[in-house]
Amino acid sequence: METKQIMLVCAAGMSTSLMVNKMQKAAEERGLAATIFAVPVSEAEDYLSEKKVDVLLLGPQVRYLLEDLQEKLASKGIPVDVIPMTDYGMMKGDKVLELAESLMK
């Protein structure tokens, strides 16, 4: 099974690193092969131009980027969505992983 690349984008990358850990744990529990990582907004476009990404999730604090990134990534077939504020605030890695999985289908 191919390892899925799940990219989280946030303002600076601090709080999202905790979410990455929670999502990775949920992926391991489900037997999902996934590489989950976070990058700050300032590095997102460079990363996307160099690496393969299966889904991109935005932290609630950068939700204003949604439409722009959806337009830019539509031709590459990369789905983009915003992590729900409650799931992000409560660090529900399992719920955010479910969102990522639903977008990759």
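Computed from a predicted model, the values in this text were never measured in an experiment.

(A) Highlighting the packing of aromatic side chains. If you walk through the whole model with that rule in mind, you get 1 aromatic pair. An angle of 40 degrees between the planes, with centres 4.8 Å apart, marks the rings of F37 and Y47 as tilted. With F37 in strand β2 (residues 34-40) and Y47 in helix α2 (residues 41-50), the pair connects residues that are 10 residues apart, well separated along the chain. On the basis of relative accessible area, Y47 is assigned to the partly exposed category, the value being 23%.

(B) Up close: helix α3 (residues 66-74). All of the buried residues along α3 are L66, L69 and L73. Axial view of α3: buried residues confined to an arc of 70 degrees, hence all on one face. Across α3 from its buried face, at more than 90 degrees, point the exposed residues E67, E71 and A74. Those residues of α3 that are buried are in contact with α2, β3 (55-58) and β4 (80-82).

(C) Representation of unusual backbone geometry within the structure. Of note, the phi angle at M91 is positive, near 55 degrees, even though the residue is not glycine. Here M91 lies in the loop between α4 (85-89) and α5 (93-104).

(D) View of the nonpolar core. Counting 19 residues, the largest nonpolar core has I6, L8, M19, M23, I36, L57 and L97 as the members making the most contacts within it. Per-element accounting of this core gives the leading share, 5 residues, to helix α1 (residues 14-30). Apart from the residues within four sequence positions on either side, M23 is in contact with I6, L8, I36, L57, G93, V96 and L97. Ranked by size, the runner-up nonpolar core spans 17 residues in total, among them F37, V39, A44 and V62.

(E) Quick look at the pattern of salt bridges. Enumeration over the complete set of coordinates arrives at 7 salt bridges. The residue K25 makes a salt bridge to E29 at a minimum N-O spacing of 3.2 Å. In this pair, K25 and E29 are both assigned in helix α1, 4 residues apart and thus about one turn of the helix distant. Residue K25 is classed as exposed on the basis of its relative accessible area of 52%. When its relative accessible area of 60% is taken as the criterion, E29 is described as exposed. Several salt bridges converge on common partners, so that one network encompasses E2, K52 and D54.

Thresholds, definitions, all that
Residues numbered from 1 in each chain as written. Predicted model: local features only at pLDDT ≥ 70, side-chain atom pairs only at ≥ 80, totals over all residues. Heavy atoms only, no water. Phe/Tyr/Trp six-rings, centres within 6.5 Å; stacked < 30°, edge-to-face > 60°. Helix = DSSP H or I, 4+ residues; strand = E, 2+ residues; numbered from the N terminus. Buried < 20%, exposed > 50% of the residue type's maximum accessible area, 1.4 Å probe, protein only. Arc of directions from axis to C-beta. Contact = heavy atoms within 4.5 Å. Core = buried A, V, L, I, M, F, W, Y, C linked by side-chain atoms within 4.5 Å. Salt bridge = Lys/Arg side-chain N within 4 Å of Asp/Glu carboxyl O.

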